[in-house]
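Architecture and fold: a report
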Amino acid sequence: MTCNHSNVIDPTDTQQWKELSRHSSELKANNLKELLLGDSSRLEDLSFRFNDERNPWGDFYIDFSKQMITKETLNLLVALAYELELPRKINDLFTGETVNISENRPALHTALRSPGTSEVDVDDIIRSELRKTMNFASEVRDGGWRGATGKEISTVVNIGIGGSHLGPLMTSTALKDYAIWDGSLRFVSNIDPSDIVSKLEDLDPESTLFIINSKSFATKETIKNAETAIKWLQKRLGSGEEVLKKHLAAVTANAEKAVQLGIQENNIFSIWDWVGGRFSIFSSVGLTLMIALGSLHYEMLRDGARSIDNHFRSVDLSENIPVLMGLIGIWNRNFLGYENHAVLPYSEDLKYFPSYLEQLEMESNGKNTLQNGEKVTAHTSPIVLGGIGTKAQHSFFQLLHQGTTIIPIDFMVFSQPTWNSMGRLDKSLPQHEILVANCFAQSKALALGSSHDSNHHNADGNRPSTTILGKRLEPYSLGQLIAFYEHKVFTMGAIWNINSFDQEGVQLGKSIAEDIGNAISTTKDYSSFDPSTRSLLSIYDEWKR
């Protein structure tokens, strides 16, 4: 299926964009403290509950009242979304239209968590692959899959980079209390040899399984690390066919290259070109999660994401939470001029969530070209940064409160600690209450500030934030959070009329690295490079000896 992109509208040419520009000029004269305290209906107008009828732990409360917006702002933003045909674009995403225009393909990551009744023709192959990966995961977890010497697998090492690394790493860390497997997961992504060396040095090769996670099976970092893992295995277990058969698996869209590396065909699990790496956690890319979490918890993760898919697709834009998150992101970036966005989960288990979102948002929307090939005339993705809330309070919160750069923030916190934490620590609830108090205190302080005689102690406030309050972090609610942000990112890309599903800038860097790598290892001819690169290469050659 194809979409007509010949009539792509530059959003800055729309009437609603002009109305928002006028509105922002008026609103800048206001103070967030005055808005927050002076309007009795503000909280009702600007906060939203997501009540999940299927799962009592799937409820969320999203508070936008500390953003520099009013009800009129939301109305104008929603009108902009309608003028730019956001409902049609959402439908195109779910029905398999060609939304990735530069690569001429759909983006079907939502079909990965479909119950098998979506309007696209990939449901059967998704279900078939899910059964295959689930069966393999169960065999590893239950001890049926053993190493070449007969030992049960006790460690799984995921070798990947980008979405093939950040998704499994973030999710497995966030849900570690829900793992039902006694084994351990490790993750290797960096081509720096210290990464893989440190992950392998205390492992028993007889009980180690490697999953080579690469969509293209051509990413230099991943393949080089995979070759290192193979040499490590063969040095310790021998070069017999059984070694690779029992200790190596792959997740890829390029099975032929995986076989060439020595991976048995039955150990290869599929991903498809219509799923981008940063959107792929619900595909076979999540094989490590299936092993650790088991089928029940993994299905809960998928169910949570699907609940937000249904919300995103069916709820009116004026009450659609990921749409509103995206529209407020547009407002902050394009009309208030904020260049950055911080994500601050008050949860140790979500420590990799900001890194995951950095890729999701900046790789998706860090674009300078409209869908029709013309240059954009509005700024696109903000710089996304973040960290764990209470730790960040003692590192970069000083800048957030009193710095000259205003950075809008998403705060995330849960009303209860994970059930496992409560069981292991008698006084975890009072400790958790301190965590929650810190989160709420920071959003209040940033919005309202404080007044002192000395400028050194004065905080101006007027710093916008959103607070996302959930009941408890568990597989279902994590799936919801992932989908909230996926659809926020899609909304922003749809408003900017850019392609959120390619990454040509990444490809450029890979291509140049290949040229430089060949020059270093083979030709030693640096004449075609710029003066700075030639100088760096010459000094590198001198110092590496």
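Residues numbered from 1 in each chain as written. Predicted model: local features only at pLDDT ≥ 70, side-chain atom pairs only at ≥ 80, totals over all residues. Heavy atoms only, no water.

Viewed as axis vectors pointing N to C, helix H14 (residues 353-365) and helix H19 (residues 475-496) meet at an angle of 20°, and their least axial separation amounts to 10 Å. The pairing of H14 with H19 is recorded here as roughly parallel in orientation. In this structure, H14 crosses over H19, and the sense of that crossing is right-handed. Here Phe353, Tyr356, Leu357, Leu360, Glu361, Ser364 and Asn365 of H14 lie close against H19, whose contacting residues are Leu481, Ile482, Tyr485, Glu486, Lys488, Val489, Met492, Gly493 and Trp496. The residue inventory of the contact of H14 with H19, partitioned by class, reads 10 nonpolar, three polar and three charged. (Axes fitted to C-alpha atoms, helices over the stretch in contact; angles between N-to-C directions. Helix = DSSP H or I, 4+ residues; strand = E, 2+ residues; numbered from the N terminus. Parallel < 35°, antiparallel > 145°, perpendicular 65-115°, else oblique. Left-handed = near helix turned anticlockwise from the far one by under 90°. Contact = heavy atoms within 4.5 Å. Nonpolar A, V, L, I, M, F, W, Y, C, P; charged D, E, K, R; others polar.)

Within this structure, the stated rule accounts for 18 aromatic pairs. Ring plane angle 45° and centroid distance 6.1 Å describe the contact between tyrosine 346 and phenylalanine 411, whose orientation is recorded as tilted. Of the two residues, tyrosine 346 sits in the loop between strand S8 (340-345) and H14 while phenylalanine 411 sits in strand S10 (residues 409-416), which places them 65 residues apart along the sequence. Exposure class is identical for tyrosine 346 and phenylalanine 411. Each is buried. Summarising the aromatic geometry, the rings of phenylalanine 353 and tyrosine 356 are spaced 6.1 Å apart at their centres and angled 20° between planes, so their arrangement reads as stacked. (Phe/Tyr/Trp six-rings, centres within 6.5 Å; stacked < 30°, edge-to-face > 60°. Buried < 20%, exposed > 50% of the residue type's maximum accessible area, 1.4 Å probe, protein only.)

Across the sheet, which stays open at both edges, the five strands sit in the order S4-S3-S5-S6-S7 with parallel pairing between neighbours. The sheet is open, and its two borders are formed by strand S4 (184-188) and strand S7 (268-270), each paired with just one other strand. Neighbour-to-neighbour, the strand axes of the sheet open up by a mean angle of 20°, direction not taken into account. The pairing of strand S5 (residues 208-213) with strand S6 (residues 248-252) spans four bridges and is parallel. Bridging across to S6, phenylalanine 210 finds its partner in leucine 248. On the sheet, helix H7 (residues 163-174) packs against strand S3 (155-159), S4 and S5 and is oriented at approximately 150° with respect to S4. Contacts from helix H9 (residues 220-237) reach S3, S4, S5 and S6 within the one sheet, and its direction differs from that of S5 by about 160°. (Pairing = 2+ DSSP bridges.)

Another aspect to go through is the domain arrangement of the chain. With domains assigned, the chain is organised as domain 1 (16-84 + 315-416 + 427-449 + 460-502), domain 2 (111-290) and domain 3 (507-544). A straight line from the C-alpha centre of domain 1 to that of domain 2 covers 33 Å. When domain 1 packs against domain 2, close to 1900 Å² is buried across both sides, 65% of that on carbon and sulfur atoms. The tally of links between domain 1 and domain 2 comes to three salt bridges. Residues aspartate 349 and lysine 176 are paired through a salt bridge, measuring 2.1 Å at the closest nitrogen-oxygen approach. (Domains from an automatic or database assignment. Buried area = accessible area lost by both parts, 1.4 Å probe. Salt bridge = Lys/Arg side-chain N within 4 Å of Asp/Glu carboxyl O.)

This next bit is on the pairing of S8. Counting buried residues along S8, six of its six residues qualify, which places the element largely inside the surrounding structure. Burial along S8 is two-sided: Asn340, Ala342 and Leu344 facing one way and His341, Val343 and Pro345 facing the other are all buried. Here S8 pairs with S10 via four bridges, running parallel. The partner of leucine 344 across the bridge, within S10, is phenylalanine 411.

Geometry of a packed helix pair, given as the angle between the helix axes and the separation of the axes. Here helix H13 (residues 321-335) crosses H19 at 50°, and the two axes come no closer than 8 Å. By the angle between their directions, the pair H13 and H19 is classed as oblique. The interaxial crossing formed by H13 with H19 has right-handed handedness. Residues Ile321, Pro322, Val323, Met325, Gly326, Leu327, Gly329, Ile330, Arg333 and Asn334 of H13 lie in contact with H19, whose contacting residues are Phe484, Tyr485, His487, Lys488, Thr491, Met492, Ile495 and Trp496. The residue inventory of the contact of H13 with H19, partitioned by class, reads 11 nonpolar, five polar and two charged.

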